[in-house]
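Structural features, examined
The residues making up each chain are set out below.
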Amino acid sequence: MAWFRKNSDPLSDRARALNDEIADLESQIKKLDARLQRSNQGEGQPRLRSTAMPQGATVNHEMPDSAEASPILKINDEPIFEDVGVDRLKDKTEPITTPLHYNELGVRKYDLPALLRRVRDQFRGPSTTNPKLVSYLAAGGIQGLRPMRYEKRVARYRFYVLVVVLFLALLGIILLFRHR
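Residues numbered from 1 in each chain as written. Predicted model: local features only at pLDDT ≥ 70, side-chain atom pairs only at ≥ 80, totals over all residues. Heavy atoms only, no water.

1. With respect to the overall build of the protein
Regarding its fold elements, the protein presents 5 helices and 2 strands. Secondary structure elements in the protein, listed N-terminal to C-terminal, are α-β-β-α-α-α-α. A total of 180 residues make up the protein; the buried ones form 3% of that total. In the protein, 17% of the contacts between residues at least 6 apart in sequence involve partners at least 24 apart. Split by element, the accessible area of the protein, about 17600 Å² in all, is 60% carbon and sulfur. (Helix = DSSP H or I, 4+ residues; strand = E, 2+ residues; numbered from the N terminus. Buried < 20%, exposed > 50% of the residue type's maximum accessible area, 1.4 Å probe, protein only. Contact = heavy atoms within 4.5 Å. Areas by Shrake-Rupley, 256 points an atom, 1.4 Å probe, with all protein chains shown as cover.)

This is the structure:
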């Protein structure tokens, strides 16, 4: 058993490989964009400079032939603003408060069930943010990772070996002092 050896993490290895692929694709996109810019320079299209970045690169734009082709003049039936309800803004864990929760002076009444629920939640620990990932890890669904039950079994056996070794060491020390 290699107790002091650090195992390589397959998820971080895969993330590193994907980041390298993303960097390669971004460099290819930049090369193709530069090639497209060079080919469009000599076509006589109007050259417009961005007002957001005045020192930036010049961008070529095609002028629309007619008013129907202009996306600005098209009527869009989609709503511009969404209805933002108050319920979406409230936290899901926040308890619902009603006037019955307050006494006649406006002070919140003592709520014993809520106190017990908060104490129980303190001992329970945080809930998982991604239960699907937890189920994948427990079942061994990600390639390269061992199932959680296997890891628990290995940890259990390591604990048993440690207890036996400590028991034998303690027994040896007791026998050593007893013979003297």
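2. Re a nonpolar patch on the surface
Taken together, the side chains of V164, F167, L168, L171 and L175 make up a nonpolar region of the molecular surface, amounting to roughly 470 Å² of accessible area. Here L171 shows up in helix 5 (residues 148-179). (Patch = residues over 30% accessible without salt bridge, like charges linked within 9 Å, V, L, I, M, F, W, Y side chains within 5 Å. Salt bridge = Lys/Arg side-chain N within 4 Å of Asp/Glu carboxyl O.)

3. Brief notes about the packing of aromatic side chains
One pass over the structure, following the stated rule, counts 2 aromatic pairs. On the numbers, 6.4 Å between centres and 45° between planes, the contact of Y157 with Y160 is tilted. Of this pair, Y157 and Y160 are both found in helix 5, 3 residues apart, which corresponds to roughly one turn of the helix. On the accessibility criterion, Y157 (47% relative accessible area) is partly exposed. A residue is classified by how much of its surface remains accessible, and Y160, at 44% relative accessible area, is partly exposed. An aromatic cluster is defined as three or more aromatic residues linked by ring pairs; in this entry it consists of Y157, F159 and Y160. (Phe/Tyr/Trp six-rings, centres within 6.5 Å; stacked < 30°, edge-to-face > 60°.)

4. Describing the confidence of the model for the protein
On average, residues of the protein score 76 in pLDDT, and 65% of them are at 70 or above. The spread of mean pLDDT over the elements of the protein runs between helix 2 (residues 86-89), the lowest at 55, and helix 5, the highest at 93. (pLDDT = per-residue confidence, 0-100.)

5. Description of a positive patch on the surface
Taken together, the side chains of R108, R117, R118, R120 and R124 define a basic patch exposed on the protein surface. Relative to the helices and strands, R124 resides in helix 3 (residues 112-124). In this structure R124 comes out as exposed when scored by relative accessible area, which is 58%. (Lys, Arg positive; Asp, Glu negative; His and termini not counted. Charge placed at Lys NZ, Arg CZ, Asp CG, Glu CD.)

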